[in-house]
Amino acid sequence: MSNTEYGLLIDYKYCSGCHACEVACKQYLGLPEGLWGIKVFEKGPWKTEGAATATAEWEWEYVPVPTGLCNLCEDRVADGKKPMCVKHCLAFCMDYGPIEELSQKMLEKGAKVALYKPL
Amino acid sequence: MAMPEEWKQQTEDGTYVIRTCAWSPPGDHPVGCGVLLTVKDGKLVGVEGDEDHPITQGRLCPRCLDLIEYTYHPDRIIYPMKRDPKDRGKDAWEQITWDEAYDLIESKVLEMKANYGAESIVVFGGTGREACLYYYPLGFATLQTPNVCYSQSGWSCYGPRCSITDYILGAGYPEIDYAGYFEERFDHPEFVVPKYIVNWGKAPLESNGDGLFGHVFIDLMKLGTKIINIDPRITWLGCREGNMTLQLKPGSDTALALGILNVLINDDLYDHEFVENFCYGFDELTERVQQYSPERVEELTWVPKEQIIEVAHILGENHPCSIAWGLAVDQNPNGVQLGQAIISIAALTNMIDVPGGLTCGPPEAMLGAWRMEARSWLPQELWEKRIGAAEWPGLSTAMATTQPDETLEALETGKPYPIKMAWFNSSNLISPTNSAQPHRWYAALKKMEFSVVQDLFMTPTAMGLADVFLPLPTFAEHEGVVLPHYGRNTVFVGAMNKALTVGDTRSDIQVCHELGHRLNPDAWPHYEDMPAFFGDQLQAEFGFGFDGLRERGLLQPGYTYQKYRKGLMRWDGEPGFNTVTGRVELYSTLFEAWGEDPLPYYEEPRYSQISQPEWADEYPLMLTTGARKFTSFHSEHRQLKTMREIDPWPTVEFNPATAKAYGVKEGDWVCIENMFGMARGVAEFAPTIDPRVIHMTHGWWYPEQDGEEPNLFGVWKSNVNSLIPHFETGILGFGGPFKSIMCKAYKVDGIDGDVNFTTRAANNFKGAELKSRSRMQD
């Protein structure tokens, strides 16, 4: 299976916005200022009063998104290691694997989960 | 699962991968994160986490991940330097050898002792770094001065919590139970997942306070734990599904704690067995808390009474629960009472030393005890000269240091005796970190005849004040031992392994030894190297040496719960606690002996719109400070591009409605100001902060700016600690109002203004006559 059939599963309800994934990736790829292999975006905070589907008072999540520079750490995974972002995530909220497998795991993780296919 | 024995592995192409437990420098607390360092041809080329570490399990935060940038930063100082004292403030440094540095220091120390006495030397320590273990023996056993000073007004960092715990619980720092003591962690048969954790005035995810790996909060949340956050700011952690925030007025925490106690007692939610058998003063506490009804507490704290009642019921009806208490407990003149009330809540709800509750042990262990015992090298009459010790027994009984505010007074007045030499060990005290009114400290410390700094980069403190700069190695460049909580609640002892050498630097403990051989050889037996020294310490405690620790990676000692029932806490082996009464002192016999109220009480913040009504119109906002960031540790990491890219400037957080009222847009530079000082930062909007409150980050200075005086890397521009008054502490001498002070805010054009900060700050404008040190509430 080539890397185009692999992805990143991010259970972003636990992402604390720590930027470890950004820095780990940047260091590994040797990216300069202004470029990232994965970037954390902030959604919120805003109050959810009145929203029918709200489960909490505030909507506030950090959402990591792999960029065009992500190569799913092809050298590392070939060596049996985890991608840099997945390994170092302080909240242990990221996973790497075949898309088929990850989509099954996604169904077991509740709400606020993202599955990315960067390649 | 135990860590593999092999700590150093060589790969085919000649690179090494060395496993280590990280501490500092660069600064952070003794979390001891598992790190794998890849070194090729003597150069650090890779940093990643160690999945075999039982707590961090491969995870690392941005600060460790950026280690390579730190290690090879062009501004890093890697050889000793000296400067003529008349050139202080100028970039007129000259490289010297370690022998030259030691020769100069030795001659100066002997001169000080001959002319003024050893007490004229003060060692200033910073916080969090490995230096915390070693600045005490540096002072007591190497330099042989009684004056070791943590300069933050009211000792407002960790020390108060440790002291209160020592006095009323007879134990070391109580920490949430996250199964850190067990190899099997959460799978240990005795461990129970806490149902609720009260996170009081703390930002654990960013701060990893004193060795607590903050993301265990998320590990526990995944197992069902809910977090009750007590904070003037609603944080990301506080508003996760199932979590809640008590969003209180800055500085009103003690009233809230007393309100919770009121409901726990009046609604009969407390553990009768623990109270009857193991607490002292319950009847007196019951009487005191009648003054703190939920209705009254709502008025004082802004927290709805329904929430106060709800939280008391949660804690009384769910077991086990735990409490993580943070820096906000220390940074408060009413903080001793807050700490006492929090321990009382823990006692009444049976959290102490139970699975899933609070772990605790002896006040000091291992190197934590050794560092304090170093004071046996001082003759008694010299020890008695410790600044402020006699006047502040409630501080000096538990802490081996001076009283910090008295130390500034001594520097300024020359009384009770002149101070002539300063040694800054990992302290950047003129930056907005561990001092109040830093410009006063700066002016007073300029008068020193001789000053030494130990650090890695030229800081404003070093540039402004020092004559000798001794460079420290990073944690990757020296051997050491990592102790979470410095021996006060130490879930493991970790091996710090040297992976590479950069320049010619010496670690804190090496300097203690090497200078110690010259100045006080009896205290410092010769060791072949520092691993041999650590080996002796480890051998005595565990029966193996440093190589034994390296092979284990770290040692988790296991844990015995309910030690108080088994006679394992008291000095005489009886059940109970190691306090004066043998019980948890809800009513403190020691506080009473020192002239403090033996029971907790609420004191309104001294500079609020309520306590200073004549200033209320001029300063309508309450300022809180110092919420932690992932990209820095206090004043460190400012020169790292990768960290500055994420957090480029100090921020002033506004509720959008407040900002609108002041005509401030997000991204505008603003100035915050009160009767004591001023500081500039960039406005950030947060609907999660109360409209009556603003928050500013601490620790800011600008390495990219001109370092010479008067600018000193822009240290006065965003110096939020200049808004905090000197010597506004509680009765025991603890607690400055760093997180609750009145202020105003207004838009400015940029970081610079038409005001000469140094002059205005030095004149201590407007507030100079305000009386300080108000006494006990009636």
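Residues numbered from 1 in each chain as written. Chains lettered and ligands numbered in written order. Predicted model: local features only at pLDDT ≥ 70, side-chain atom pairs only at ≥ 80, totals over all residues.

*Asks:* Now, about the overall build of chain A: what can you tell me, with residues and values included?
*Replies:* Counting its regular elements, chain A contains four helices and five strands. Mapped in sequence order, the helices and strands of chain A form the string β-α-β-β-α-α-β-α-β. Expected size for 119 residues packed as a compact globule is a radius of gyration near 14 Å; at 15 Å, chain A falls within 12% of this value. When the backbone C-alpha atoms are referred to their principal axes, chain A occupies close to 50 × 35 × 20 Å. Summarising the internal contacts of chain A: among those between residues at least 6 apart in sequence, 65% fall at separations of at least 24. (Helix = DSSP H or I, 4+ residues; strand = E, 2+ residues; numbered from the N terminus. Rg over C-alpha atoms; globule rule 2.2 N^0.38 Å. Contact = placed C-beta atoms within 7 Å.)

*Asks:* Just give me the short version of the overall build of chain B, but keep the residues and values in it.
*Replies:* Scanning chain B from terminus to terminus reveals 27 helices and 28 strands. Compactness check: chain B gives a C-alpha radius of gyration of 25 Å against a globular reference of 28 Å for 778 residues, within 12% of the reference. With respect to the principal axes defined by its C-alpha atoms, chain B has extents near 70 × 60 × 55 Å. Residues counted as buried form 62% of the 778 residues belonging to chain B. At a minimum sequence separation of 6, the contacts of chain B that also span at least 24 residues come to 73%. (Buried ≥ 20, exposed ≤ 12 C-beta atoms within 10 Å, placed from the backbone.)

*Asks:* I'd like a description of the nonpolar core, backed by residues and values.
*Replies:* Ranked by internal contacts, the top residues of the largest apolar core, which has 244 residues, are Ala20 of chain A together with Leu256, Ile260, Leu261, Ile323, Ile342 and Ile345 of chain B. The greatest single-element share of this core, amounting to ten residues, is contributed by helix H4 (residues 131–143) of chain B. Sequence-distant contacts of Leu256 of chain B, defined by excluding residues within four places in its chain, comprise Ile230, Leu246, Leu248, Val297, Thr301, Val303 and Ile308 of chain B. Counting residues in hydrophobic clusters, the runner-up holds 31 residues, among them Tyr607, Tyr619, Cys671 and Cys743 of chain B. (Core = buried A, V, L, I, M, F, W, Y, C linked by C-beta atoms within 7 Å.)

*Asks:* Explain the environment of Pro650 of chain B residue by residue, including any values.
*Replies:* All names here are of chain B. By the element assignment, Pro650 lies in the loop between helix H25 (641–646) and strand E24 (651–654). C-alpha of Pro650 to C-alpha of Val682: the two residues are 32 residues apart in sequence and 6.2 Å apart in space. Excluding its chain neighbours within four sequence positions, the residues that come into contact with Pro650 are Gly681, Val682, Met696, Thr697, Trp700 and Ser718.

*Asks:* How would you sum up the sheet that holds strand E23 (residues 621–625) of chain B? Please name residues and give values.
*Replies:* All names here are of chain B. On the basis of which strands lie adjacent, the closed barrel formed by six strands has the order E23-E27-E24-E26-E25-E28 and mixed pairing. Averaged over all pairs of adjacent strands, the angle between strand axes in this sheet comes to 45°, irrespective of strand direction. As defined by bridge partners, E24 adjoins strand E26 (residues 678–685) across four bridges and the pair is classed as parallel. Within E26, the position partnered with Glu653 by the bridge is Glu684. (Pairing = 2+ DSSP bridges. Axes fitted to C-alpha atoms, helices over the stretch in contact; angles between N-to-C directions.)

*Asks:* Can you break down the sheet that holds strand E7 (residues 121–125) of chain B residue by residue, with the values?
*Replies:* Residue and element names in this part refer to chain B. Pairing is mixed in the open sheet, where seven strands are placed in the order E6-E5-E18-E17-E16-E7-E8. Strands at the two margins of the open sheet, each flanked by one partner only, are strand E6 (94–95) and strand E8 (148–149). Direction of pairing for strand E16 (residues 421–425) relative to strand E17 (residues 450–455): parallel, over a ladder of five bridges. Bridge assignment links Trp423 to a residue of E17, and that residue is Val452.

*Asks:* Explain the pairing of strand E11 (residues 226–230) of chain B to me, using residue names and the numbers behind them.
*Replies:* Residues and elements named next belong to chain B. In terms of residue burial, E11 counts as a mostly covered element, since four of its five residues are buried. Here five bridges tie strand E10 (residues 196–200) to E11, and the two strands are oriented parallel to one another. Its bridge partner being in E11, Trp200 is matched across the sheet by Ile230. One ladder, built from three bridges, connects E11 with strand E12 (residues 244–246); its direction is parallel. What sits directly across from Asn229, in E12, is Thr245.

*Asks:* So, helix H22 (residues 530–542) of chain B: which residues are in play, and what are the values?
*Replies:* Residues and elements named next belong to chain B. Spanning 13 residues, H22 covers 18 Å between terminal C-alpha atoms, matching the ideal 18 Å at 1.5 Å per step. Packing partners of the buried residues in H22 comprise strand E19 (480–482), helix H21 (508–519) and helix H23 (546–552). Positive backbone phi, at 85°, marks Gly543, one or two positions downstream of H22. (Expected span 1.5 Å × (residues − 1).)

*Asks:* Can you explain helix H11 (residues 294–301) of chain B? Please cite residues and give values.
*Replies:* Residues and elements named next belong to chain B. Within H11, burial applies to Pro294, Val297 and Thr301. Along H11, the residues classed as buried sweep out an arc of 60° about the axis, all on the same side. The secondary structure elements touched by the buried residues of H11 are helix H8 (253–266) and helix H12 (305–317). Positive backbone phi, at 75°, marks Trp302, one or two positions downstream of H11. (Arc of directions from axis to C-beta.)

*Asks:* Tell me about the interface of chain B and chain A, residues and numbers included.
*Replies:* Counting from both sides, the interface comprises 25 residues of chain B and, opposite them, 25 residues of chain A. Only strand E4 (43–49), helix H1 (62–65) and H25 of chain B provide two or more residues apiece to the side of chain B that touches chain A. In terms of residue count, H25 of chain B provides more of the side of chain B that touches chain A than any other element does, four residues in total. Residues belonging to the side of chain B that touches chain A are distributed by class as follows: 13 nonpolar, six polar and six charged. (Nonpolar A, V, L, I, M, F, W, Y, C, P; charged D, E, K, R; others polar.)

*Asks:* Outline the domain arrangement of chain B, listing residues and values.
*Replies:* Residues and elements named next belong to chain B. Considered domain by domain, chain B is made up of domain 1 (8–71), domain 2 (76–160 + 365–472), domain 3 (174–359) and domain 4 (613–769). Counting residues at the interface gives six residues for domain 2 and nine residues for domain 3. Taken together, the residues of the side of domain 2 that touches domain 3 break down into three nonpolar, three polar and no charged. (Domains from an automatic or database assignment.)

*Asks:* Describe unusual backbone geometry, listing the residues and the values that go with them.
*Replies:* In this structure, the amide linkage connecting Pro25 of chain B to the following residue, Pro26 of chain B, adopts the cis form with an omega of -5°. Here Pro26 of chain B lies in the loop between strand E2 (16–21) and strand E3 (34–40). Here the residue pair Glu709 of chain B and Pro710 of chain B is connected by a cis peptide bond, since its omega of 0° sits within 30 degrees of zero. By secondary structure assignment, the location of Pro710 of chain B is in the loop between strand E27 (693–696) and strand E28 (741–748). Although it is not a glycine, Lys112 of chain A adopts a positive phi angle of roughly 60°. Within the secondary structure, Lys112 of chain A is located in the loop between helix H4 (99–107) and strand E5 (114–116). Assessed through the 17 C-beta atoms surrounding it within 10 Å, Lys112 of chain A is described here as partly exposed. Backbone geometry at Asn350 of chain B places phi at a positive 55°, although glycine is not the residue there. Here Asn350 of chain B is to be found in the loop between helix H14 (335–348) and strand E15 (358–359).

*Asks:* An account of the packing of H8 of chain B against helix H10 (residues 282–289) of chain B is needed here, citing residue identities and associated values.
*Replies:* Residues and elements named next belong to chain B. Interaxial distance between H8 and H10 falls to 9 Å at its minimum, and their mutual angle equals 115°. Classified by the angle between their axes, H8 and H10 sit roughly perpendicular to one another. Considering the relative orientation of H8 and H10, their crossing is left-handed. Side by side, H8 and H10 meet where Leu258, Leu261, Asn262 and Ile265 of the first sit next to Leu285, Thr286 and Val289 of the second. (Parallel < 35°, antiparallel > 145°, perpendicular 65-115°, else oblique. Left-handed = near helix turned anticlockwise from the far one by under 90°.)

*Asks:* Now, about the environment of Phe738 of chain B: what can you tell me, with residues and values included?
*Replies:* Residue and element names in this part refer to chain B. Positionally, Phe738 belongs in the loop between E27 and E28. Residue classification places Phe738 among the buried positions, given that 28 C-beta atoms sit within 10 Å. In the structure, Phe738 is positioned 18 residues away from Val720 in sequence and 9.2 Å away in space, judged by C-alpha atoms. Excluding residues that lie within four positions of it along the chain, Phe738 makes contacts with Ser156, Gln331, Thr625, Gly626 and Ile724.

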